[in-house]
Amino acid sequence: MLSQIPNLLTLARIAVCPILVLLLHDGNYEMALVLFFAAGITDGLDGYIAKRFDCVSNFGAVLDPVADKLLIASTYIMLAILGDIPFWLLIVVMFRDLVIVVGYFIFVMMGIDIPMRPTYSSKVNTFVQISLMVAVLLEKASIIQVPLIVDGLIFGVLITTVVSGVQYVWLWGIRQEFEGASEK
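Reading the values: the criteria
Residues numbered from 1 in each chain as written. Predicted model: local features only at pLDDT ≥ 70, side-chain atom pairs only at ≥ 80, totals over all residues. Heavy atoms only, no water. Core = buried A, V, L, I, M, F, W, Y, C linked by side-chain atoms within 4.5 Å. Buried < 20%, exposed > 50% of the residue type's maximum accessible area, 1.4 Å probe, protein only. Helix = DSSP H or I, 4+ residues; strand = E, 2+ residues; numbered from the N terminus. Contact = heavy atoms within 4.5 Å. Patch = residues over 30% accessible without salt bridge, like charges linked within 9 Å, V, L, I, M, F, W, Y side chains within 5 Å. Areas by Shrake-Rupley, 256 points an atom, 1.4 Å probe, with all protein chains shown as cover. Salt bridge = Lys/Arg side-chain N within 4 Å of Asp/Glu carboxyl O. 1 Å grid on protein atoms, 1.4 Å probe; cavity = no way out; pocket = protein on both sides within 12 Å on 5 of 7 lines; lining within 4 Å. Points joined across faces, edges and corners; volume = space filled by probe spheres on them. Nonpolar A, V, L, I, M, F, W, Y, C, P; charged D, E, K, R; others polar.

Student: What exactly am I supposed to notice about the nonpolar core here?
Tutor: Where a protein is soluble and globular, its nonpolar side chains tend to be buried together. If you look at the biggest cluster of nonpolar residues, it comprises 34 residues, and the most contacted ones within it are L24, Y76, L79, L132 and L137. Elements represented by at least two residues in this core include exactly helix 1 (5-25), helix 2 (29-52), helix 3 (58-81), helix 4 (87-109), helix 5 (120-140) and helix 6 (147-183). Here this core takes seven residues from helix 5, the largest share from any one element. What L24 contacts, discounting residues up to four positions off in sequence, is Y29, A32, T75, M78, L79, L82 and L137.

Student: I would appreciate a short explanation of a nonpolar patch on the surface in the present structure.
Tutor: Taken together, the side chains of F95, L98, V99, V102, I106, M109, M110 and V169 make up a nonpolar region of the molecular surface, amounting to roughly 780 Å² of accessible area. Locating F95 in the fold gives a position in helix 4.

Student: Looking at this structure, I do not really get the layout of surface pockets. What am I missing?
Tutor: Take a probe with the size of a water molecule and roll it over the atoms, and the empty space left behind shows itself. Of the voids in this model, the largest pocket is the one considered here, and its volume is about 1600 Å³. If you go around the largest pocket, you meet 48 residues; those closest to its centre are A61, D64, P65, V66 and D68. Within the residue set of the lining of the largest pocket, elements represented by two or more residues are helix 1, helix 2, helix 3, helix 4, helix 5 and helix 6. By residue class, the composition of the lining of the largest pocket is 28 nonpolar, nine polar and 11 charged.

This is how it looks when you write it as structure tokens:
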């Protein structure tokens, strides 16, 4: 039973996404913030339990990043629709993720093994993306007003999204071409 707890926590994080969307749609930023923090806690907890009690699974290894992306994507989509973040930022973030997913599947279909490990710049990007969401939710919930921080985070998300996207294209595509050419 213990071995399934991390996967159940990850599934709970996925189940939270539509509720978060509804809360944001209704303008209930306070509860959206609480739910977002709760989802973040489950993210840390599922990883801790999986590693601490040696119950890491292939299913969980795939499901965890999917849950993270769903949470981030659904929140970004709603914040953009509501005008809380620029719509162009949503396009940049979603396009980068689309390029990564499509590129990965193309390589898999070509029989090329691509390790699914996040890069350092990707981890920084995720941190900045989440920081922006938290700052916006804090502002909209009238807990704290941080417009300069939000503006800085918008710029930070733009830069880290582009840098990490280019890095994935380089690591997976261009480097693969160089390595393939050097083997011939």
